[in-house]
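As a plain string of letters, each chain reads:
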Amino acid sequence: MNKILGLSLTLALMLTSSAAFAQEDATATKEQSLYLKTKGGEVISGKFRGLSGSKVKIATSVLGGTMTVTHDLDEFESSGVFAVLMADKPPTDFASHFAMARKAAELGLLNPAGKEARAALDSVKGDADFEAKRGEVRKWAAGALEKMIADAVADQDTPLAKDCLKLLTTRLADQRTEEQLDAIAASVEGLEHAAKQKKEDDRQAKLDAKVRASNDKKLQAIVKEVERGEKDYSSAIRKSGSTTASKNLCESAIGHFKKAYQELGKLIGANPDDTELATAAAPITQQIHNQGIAAALHAANMLCVRSDYKNAMEWAQKVIAFDPENKEAKEMVKTITAAEADSSEIWGWTWPTVGRSRARNQ
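Caption draft 1: Quick peek at helix α11 (residues 309-322). Spanning 14 residues, α11 covers 20 Å between terminal C-alpha atoms, matching the ideal 20 Å at 1.5 Å per step. Within α11, the full set of buried residues consists of Tyr309, Ala312, Met313, Trp315, Ala316, Val319 and Ile320. Viewed end-on, α11 has its buried residues packed into an arc of 155°, placing them on one side of the element. The outward face of α11, more than 90 degrees from its buried face, is lined by the exposed residues Lys310, Ala321 and Phe322.

Caption draft 2: Focus on the environment of Ser242. Structurally, Ser242 is set in the loop between α8 (209-238) and α9 (243-270). Distance in space between the C-alpha atoms of Ser242 and Asp174 is 8.9 Å, their sequence separation being 68 residues.

Caption draft 3: Geometry of the pattern of salt bridges. In total, this model carries 22 salt bridges according to the counting rule given. One connected set of salt bridges, linked through shared partners, spans Arg118, Asp122 and Lys125.

Caption draft 4: How the structure looks around the environment of Lys224. Relative to the helices and strands, Lys224 resides in helix α8. Put simply, Lys224 and Ala260 are 36 residues apart on the chain and 8.5 Å apart in space, counted from C-alpha to C-alpha.

Caption draft 5: Region of interest: the pairing of strand β1 (residues 33-37). Burial along β1 is one-sided: the face carrying Leu34 and Leu36 is buried and the face carrying Ser33, Tyr35 and Lys37 is not. Bridge count for β1 against strand β2 (residues 43-52) is five bridges, and the pairing is antiparallel. Residue pairing in the sheet places Leu36 in a bridge with Ile44 of β2.

About the criteria used
Residues numbered from 1 in each chain as written. Predicted model: local features only at pLDDT ≥ 70, side-chain atom pairs only at ≥ 80, totals over all residues. Heavy atoms only, no water. Helix = DSSP H or I, 4+ residues; strand = E, 2+ residues; numbered from the N terminus. Expected span 1.5 Å × (residues − 1). Buried < 20%, exposed > 50% of the residue type's maximum accessible area, 1.4 Å probe, protein only. Arc of directions from axis to C-beta. Salt bridge = Lys/Arg side-chain N within 4 Å of Asp/Glu carboxyl O. Pairing = 2+ DSSP bridges.

As C-alpha cells, then:
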C-alpha cells in the first residue's frame, strides 16, 4: 500500500512539474537554442535565457518540460563561450560585429573571428567611410593573426599556426614587411621542422646502421631536390607581398617536387625488392605530395588576389586532377568562385581548415 501511495505521489509530482515546466517553456519559444560543451566534456543543450555577469541561464529539457539552470561561463570551451556571448548581444552593426571579431580572436577561434570581421565590413558597404573602416579591420586582423600564430607555436599547434600563416600571407601580406613575414614564417617552419625531425629520428632509430647509411646514400639527391622545393615554397610565403614573385616561386617549387617524385619513382622501380628503401621513401613521397599541393594552392591564392580568376582556377583544378578528394582544393575552388562573383571585395577570410579541432573552427 505504501509503495502504491509513494508511486502515486511521485506521478502527481511529475505531472505537476511537467505542467509547470511546459508553462515555463512557452515563454522561451523565441529564445535561441544553444549546444554547448563544457571543459570536462559534458554537453549542455537548451534555450538561452540570459547572461548576468559570468552566470549563464539555460532552459534545458526535463521530463518533457524545461527547467532553467545556471552555469558559470568559464565552465564552457571557447566555442561555447563565444556562442553565449553572441546569443546575449547579437551583433547588428559595424561596431558590434567588429567587437565580436576581436572577442573570437581572443578566444582563439579563427573562423568566427573572420566571419565577424567580414560581417562588420558588409554592414558598412557603400558608406563614405568604408575604406577607412576596411583599413582599420585589416590592420587589426594582421595583428590578431600574428598573435594567434605566436600562441599556436607556443602550444605546438602546427595546423592552426599554418592556417593563420596562410591567411596572413595571402589576405593581409600588405600589412607586414617582407622581413616581418620572414620572421613569422620562420617560427612556423621551426615548429613544423621539429615535428618532422622527431618523427624521422624515431624511424631512423629502428633501423640497422648499415641499412640506414645505404638508404641515406640512395635518397640523398632526391632529398636535396625536395629541400630546394621547400626553400622556394618558403620564399613564396615570404614574398606574398609581391603576387607575381610569389606565384613564380611556387611554380619553381612545384618543378623541384615533380623532379624529386620522378627520381624517387625510378629509384623504387630499380629496387623492387628493397622493402627498407620503400619504407624510407614513404614519408618523402607524402612530403612531396603535401608540399606540392600547398605550393599550388598558394599560387592559386596569389592569382586570386590579383583578380586572375581563370588561372587561379586552373591551379586549383590541377590539384583536384592530381588528388580528386583533396578537400583544400575543393574549398579553394569555392573561394575563387566567390571572389570572382564579388570582385569589389575579394578579401575572403575562409581558408580550408581540414582536420583541425571544431573548437577552433566554429
